[in-house]
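As a plain string of letters, each chain reads:
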Amino acid sequence: MQQLTNLDASFLSLESRRSPMHIGCVLTFDSSQSENMSFERFQRHVVSRLPSSPVFRRRLSKLPLSLDLPYWVDDRHFDIGNHIEHVELQGIHSDEQRQAFINCFFSEPLNLDNPLWEIMFMDNRDHNQSEFYVLLKIHHSAVDGMSAEKILTGLMSTESDAPAPLEDNWKPESPSISRMLGNRLQSLVQAPRNFSVFTQQLADSIKHSVQLRQSEKGHSPTFFMSP
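Note that the coordinates shown come from a computational prediction; the quantities given were computed from them, not determined experimentally.

Peer 1: Would you mind going over the overall build of the protein chain in detail, with residue names and values included?
Peer 2: A tally of regular secondary structure across the protein chain gives five helices and seven strands. Moving toward the C terminus, one meets the helices and strands of the protein chain in the order β-α-β-α-β-β-β-α-β-β-α-α. Expressed as a percentage of the 227 residues in the protein chain, the buried residues total 30%. Sequence-distant contacts in the protein chain: of pairs separated by 6 or more residues, those separated by 24 or more amount to 74%. When the accessible surface of the protein chain is summed, it comes to about 15,100 Å², and 53% of that surface belongs to carbon and sulfur atoms.

Peer 1: Pulling in residues and values, what's your account of the sheet that holds strand S4 (residues 71-74)?
Peer 2: If you trace the three strands from one edge of the open sheet to the other, you get S1-S4-S3, paired in antiparallel fashion. The sheet is open, and its two edges are formed by strand S1 (2-3) and strand S3 (58-61), each paired on a single side. Sheet analysis places S1 next to S4, joined by two bridges and oriented antiparallel. Its bridge partner being in S4, Gln2 is matched across the sheet by Trp72.

Peer 1: How would you summarise the pattern of salt bridges if you had to cite specific residues and measurements?
Peer 2: Per the stated rule, a full pass over the model turns up four salt bridges. In this structure, Glu108 engages Arg17 in a salt bridge whose closest nitrogen and oxygen atoms are separated by 3.3 Å. On the criterion of sequence distance, the pair formed by Glu108 in the loop between helix H3 (94-107) and strand S6 (117-124) and Arg17 in the loop between helix H1 (6-14) and strand S2 (22-30) is long-range, its members being 91 residues apart. For Lys137, the salt bridge is made with Glu118, and the minimal N-O distance between the two is 3.8 Å. With a gap of 19 residues between them, Lys137 in strand S7 (residues 128-139) and Glu118 in strand S6 connect regions that are remote in the sequence.

Peer 1: Talk me through the layout of surface pockets; I want residue IDs and the actual numbers.
Peer 2: As a volume, the second largest pocket reaches approximately 200 Å³. Forming the walls of the second largest pocket are 15 residues, and the residues nearest its centre are Asp8, Ser141, Ala142, Val143 and Asp144. Breaking the lining of the second largest pocket down by element, the ones donating at least two residues are S1 and H1. Classifying every residue of the lining of the second largest pocket gives six nonpolar, six polar and three charged.

Peer 1: Could you give an account of the nonpolar core, naming the residues involved and the relevant values?
Peer 2: Within the largest apolar cluster, 30 residues are counted, with the highest numbers of intra-cluster contacts made by Phe42, Val46, Trp117, Ile119, Val134 and Ile138. Mapped onto this core, the elements with two or more residues apiece are helix H2 (39-49), S6, S7 and helix H4 (145-155). Looking at which element gives the most residues to this core, the answer is S7, with four residues. Leu89, Met120, Met122 and Leu135 belong to the second largest nonpolar core, which has eight residues in total.

Peer 1: I'd love a proper account of the environment of Asp168, names of residues and values included.
Peer 2: Mapped onto the elements of the fold, Asp168 is located in the loop between H4 and helix H5 (177-217). For the pair formed by Asp168 and Ser52, sequence separation is 116 residues and the distance between their alpha carbons is 9.1 Å. Not counting residues within four places of it along the chain, the set of residues in contact with Asp168 comprises Pro51 and Arg57. A polar contact is formed between the side chain of Asp168 and the side chain of Arg57, at a distance of 3.0 Å.

Peer 1: Explain the packing of aromatic side chains residue by residue, including any values.
Peer 2: Evaluated as defined, the whole model comprises six aromatic pairs. When the ring of Phe29 is compared with that of Phe132, the centres are 5.0 Å apart and the planes differ by 10°; the resulting orientation is stacked. Note that Phe29 is positioned in strand S2 and Phe132 in strand S7, a separation of 103 residues in sequence. Taken together, a centroid distance of 5.0 Å and an interplanar angle of 85° make the contact between Phe105 and Phe106 edge-to-face. Aromatic rings pair up to connect Phe29, Phe39, Phe42, Phe121 and Phe132 into one cluster. The aromatic ring of Tyr133 is capped on one face by Arg98, whose charged end is 4.5 Å from the ring centroid. One residue, Lys137, lies across the ring of Phe105, its end atom 4.4 Å from the ring centre.

So, how was this worked out
- Residues numbered from 1 in each chain as written.
- Predicted model: local features only at pLDDT ≥ 70, side-chain atom pairs only at ≥ 80, totals over all residues.
- Heavy atoms only, no water.
- Helix = DSSP H or I, 4+ residues; strand = E, 2+ residues; numbered from the N terminus.
- Buried < 20%, exposed > 50% of the residue type's maximum accessible area, 1.4 Å probe, protein only.
- Contact = heavy atoms within 4.5 Å.
- Areas by Shrake-Rupley, 256 points an atom, 1.4 Å probe, with all protein chains shown as cover.
- Pairing = 2+ DSSP bridges.
- Salt bridge = Lys/Arg side-chain N within 4 Å of Asp/Glu carboxyl O.
- 1 Å grid on protein atoms, 1.4 Å probe; cavity = no way out; pocket = protein on both sides within 12 Å on 5 of 7 lines; lining within 4 Å.
- Points joined across faces, edges and corners; volume = space filled by probe spheres on them.
- Nonpolar A, V, L, I, M, F, W, Y, C, P; charged D, E, K, R; others polar.
- Core = buried A, V, L, I, M, F, W, Y, C linked by side-chain atoms within 4.5 Å.
- Polar contact = N/O pair within 3.5 Å; in protein donor to acceptor, adjacent residues only side chain to side chain.
- Phe/Tyr/Trp six-rings, centres within 6.5 Å; stacked < 30°, edge-to-face > 60°.
- Lys NZ or Arg CZ within 6 Å of the ring centre and 35° of its normal.

In structure tokens:
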């Protein structure tokens, strides 16, 4: 269980139907040098790479009445079917179809009840059996640029050989509302002390600034400033 930062929570607050707050990419692959990539094979690969990041199997959990920032908690009912979609392009107009699917995929906000990522797998069996496309989007509250690159590296590989299998020891932890509320209560108790420390530091800074200005008044200007 991990609480969102103020910055990450702001991406949730700023989101609307017209302004989805996710980031993503479109990847093109050529499997002509190996076995053709089917959707079933691709889905098995993604499942095998889920241990590479906790982002894939954790969802948002909010406190009652929004008393504090949301938390990331394990999704005990995680279903890979909620996150991977298969689309088959057909005919000579496959390029137009692909662009339409891309536009639709990235314009649709993520479901905040699930882990905040989705993948669309697109292939074209009529036109080019070896080429396929992968669309990936992840909510900005879950990743930044560096962590998104790490996640992508965990999913995909630049090597021709299959990546080494990952050991999956994931055991979902039950979210604890009492623990969340306890953290909030603790922060409220510590708030006066934190504010007192901040006030003292601010007062010391102002005092130092005033003393510095007073000391500067007694200094004569340098020679090139003299009349």
